[in-house]
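Observations on the model geometry
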Amino acid sequence: MLVVEDDPAAAQMLTRALTRDGYAVDIASDGEEALWAAAEVPYAAIVLDRMIPPPDGLEVCRRLRNSGNWVPVLLLTARDSVLDRVEGLDAGADDYLTKPFALVELFARVRALVRRAPTERPAIITIGDLTLDPATHRADRAGHALDLMPRGFTVLEVLMRHAGEVVTRTQLLDQAWDLAYDGGSNVVDATVSRLRELVDRPFDAPMIETVRGVGYRLKIPVV
């Protein structure tokens, strides 16, 4: 396990906690040291603070993925806006944890990442003739650009990353809106309705399905 944290006290706290939970831990205090260590050692996972001396945590993630290193990364951040979380995931992080956090949650997140096999995740998501590029914030269908608003883009990304699966309204609220948002209104349904106007209506084969009483599913076209 590699812990990347420039605050000595925080680094020692994380190291002691993870060691007690059974992990052998190395420490890096900046982005360059983290990249060197990750290239030399096949770590089970990396616990990476976002705000470290250059390159920062987001850039470390990008460089790891660009080099073909798919070690699971848990990004630690003091920021909790939807945009910050999306930036972390787009950079290549597998999960994020907002400071301050409980150690039991850290352990649970790390265990979940370690259970995963490091598999390559394409930067551009393609489902049938629908394509989405999180890095450039561009989506198109059948070669036609989709003029999506930021919230609609995020909802579409969530649906595409879970293509063929039912995504609940609660999941969409959690991933596309601030966690403090009161989900009592029909904001999810309204956003999906506008999304359908762009993604489905102009084309012969609708892809976004409503699962009554639960949420939505993006159909995987049968070839």
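I will try to describe carefully the structure that is included in this document.

Cut-offs applied
Residues numbered from 1 in each chain as written. Predicted model: local features only at pLDDT ≥ 70, side-chain atom pairs only at ≥ 80, totals over all residues. Heavy atoms only, no water. Helix = DSSP H or I, 4+ residues; strand = E, 2+ residues; numbered from the N terminus. Rg over C-alpha atoms; globule rule 2.2 N^0.38 Å. Buried < 20%, exposed > 50% of the residue type's maximum accessible area, 1.4 Å probe, protein only. Contact = heavy atoms within 4.5 Å. Areas by Shrake-Rupley, 256 points an atom, 1.4 Å probe, with all protein chains shown as cover. Lys, Arg positive; Asp, Glu negative; His and termini not counted. Charge placed at Lys NZ, Arg CZ, Asp CG, Glu CD. Salt bridge = Lys/Arg side-chain N within 4 Å of Asp/Glu carboxyl O. Pairing = 2+ DSSP bridges. Axes fitted to C-alpha atoms, helices over the stretch in contact; angles between N-to-C directions. Polar contact = N/O pair within 3.5 Å; in protein donor to acceptor, adjacent residues only side chain to side chain. 1 Å grid on protein atoms, 1.4 Å probe; cavity = no way out; pocket = protein on both sides within 12 Å on 5 of 7 lines; lining within 4 Å. Points joined across faces, edges and corners; volume = space filled by probe spheres on them. Expected span 1.5 Å × (residues − 1). Parallel < 35°, antiparallel > 145°, perpendicular 65-115°, else oblique. Nonpolar A, V, L, I, M, F, W, Y, C, P; charged D, E, K, R; others polar.

**Concerning the overall build of the protein chain**
If you tally the helices and strands in the protein chain, you get eight helices and 12 strands. By the compact-globule yardstick of 17 Å for 223 residues, the protein chain fits well, its C-alpha radius of gyration being 19 Å. Across its three principal directions, the C-alpha atoms of the protein chain cover 55 × 35 × 30 Å. The 223 residues of the protein chain split such that 44% are buried. Long-range contacts, defined here as pairs at least 24 residues apart, represent 56% of the contacts in the protein chain between residues at least 6 apart. Surface accessibility of the protein chain: about 11,700 Å² in total, with carbon and sulfur atoms responsible for 54%. Across the protein chain, the mean location of the 25 positive side-chain charges is 6 Å away from that of the 34 negative side-chain charges.

**Side note on the pattern of salt bridges**
By the definition in use, this model includes 16 salt bridges. The salt bridge involving D21 is made with R111; its shortest N-O contact spans 3.5 Å. Highlighted residues: D21 in the loop between α1 (8–20) and β2 (26–28) and R111 in helix α5 (residues 103–115), separated in sequence by 90 residues. Given a relative accessible area of 37%, R111 falls into the partly exposed group. Across the salt bridge formed by R62 and E59, the nearest N and O atoms sit 3.4 Å from each other. Here R62 and its partner E59 are both found in helix α3 (residues 57–66), three residues apart, which amounts to about one turn of the helix. When its relative accessible area of 36% is taken as the criterion, R62 is described as partly exposed. You can call E59 partly exposed: its relative accessible area is 26%.

**Observations regarding the sheet that holds strand β6 (residues 125–127)**
One open sheet holds the four strands; their spatial order is β6-β7-β8-β9, and the pairing between them is antiparallel. Two strands in the sheet have a free side with no partner beyond their single neighbour: β6 and β9 (144–145). Where strand β7 (residues 130–133) lies against strand β8 (residues 138–141), four bridges are found, and the strand directions are antiparallel. Across the sheet, residue L130 finds its bridge partner in β8, namely R141. Most of the contacts of helix α6 (residues 150–161) go to β7, to which it runs at about 115 degrees, and overall it touches β6, β7 and β8.

**Some words on the side chain of D95**
Within the secondary structure, D95 sits in strand β5 (residues 95–98). Under the relative-accessibility criterion, D95 is labelled buried at 16%. A distance of 3.1 Å separates the side chain of D95 from the side chain of R109, its partner in a polar contact. Setting aside chain neighbours within four positions, we find D95 in contact with V73, L74, L75, L89, R109 and L113.

**Some remarks on empty space enclosed by the protein**
Empty pockets left among the atoms are what a rolling probe the size of a water molecule brings to light. This structure, assessed with the given rule, holds one cavity of 30 Å³ or more. In this structure, the largest cavity spans a volume of roughly 50 Å³. For the lining of the largest cavity, the secondary structure elements donating two or more residues are β4 (73–77) and α4 (82–91). Ranked by residue count, the leading element in the lining of the largest cavity is α4, at three residues.

**Some points on the pairing of strand β11 (residues 208–211)**
As paired elements, β11 and strand β12 (residues 215–218) share four bridges and run antiparallel to each other. Bridge assignment links E209 to a residue of β12, and that residue is R217.

**Topic: α1**
For α1, with 13 residues, the first-to-last C-alpha span of 18 Å sits near the 18 Å given by 1.5 Å per residue. Looking at the buried residues of α1, the elements they touch are β1 (2–4), β2, β3 (46–49), β4 and α5. At the exit of α1 stands G22, carrying a positive phi of roughly 105 degrees.

**What to know about the packing of helix α7 (residues 169–176) against helix α8 (residues 187–199)**
Two elements in contact, α7 and α8, have axes separated by 10 Å at closest approach and are oriented at 85 degrees. For the element pair α7 / α8, the angle class is roughly perpendicular. Counted together, R169, L172 and L173 of α7 and V187, V188 and D189 of α8 form the full contact between these two elements. Tallied by class, residues from the contact of α7 with α8 come to four nonpolar, no polar and two charged.

So, to be careful, I would describe these as geometric facts and stop short of saying anything about function.
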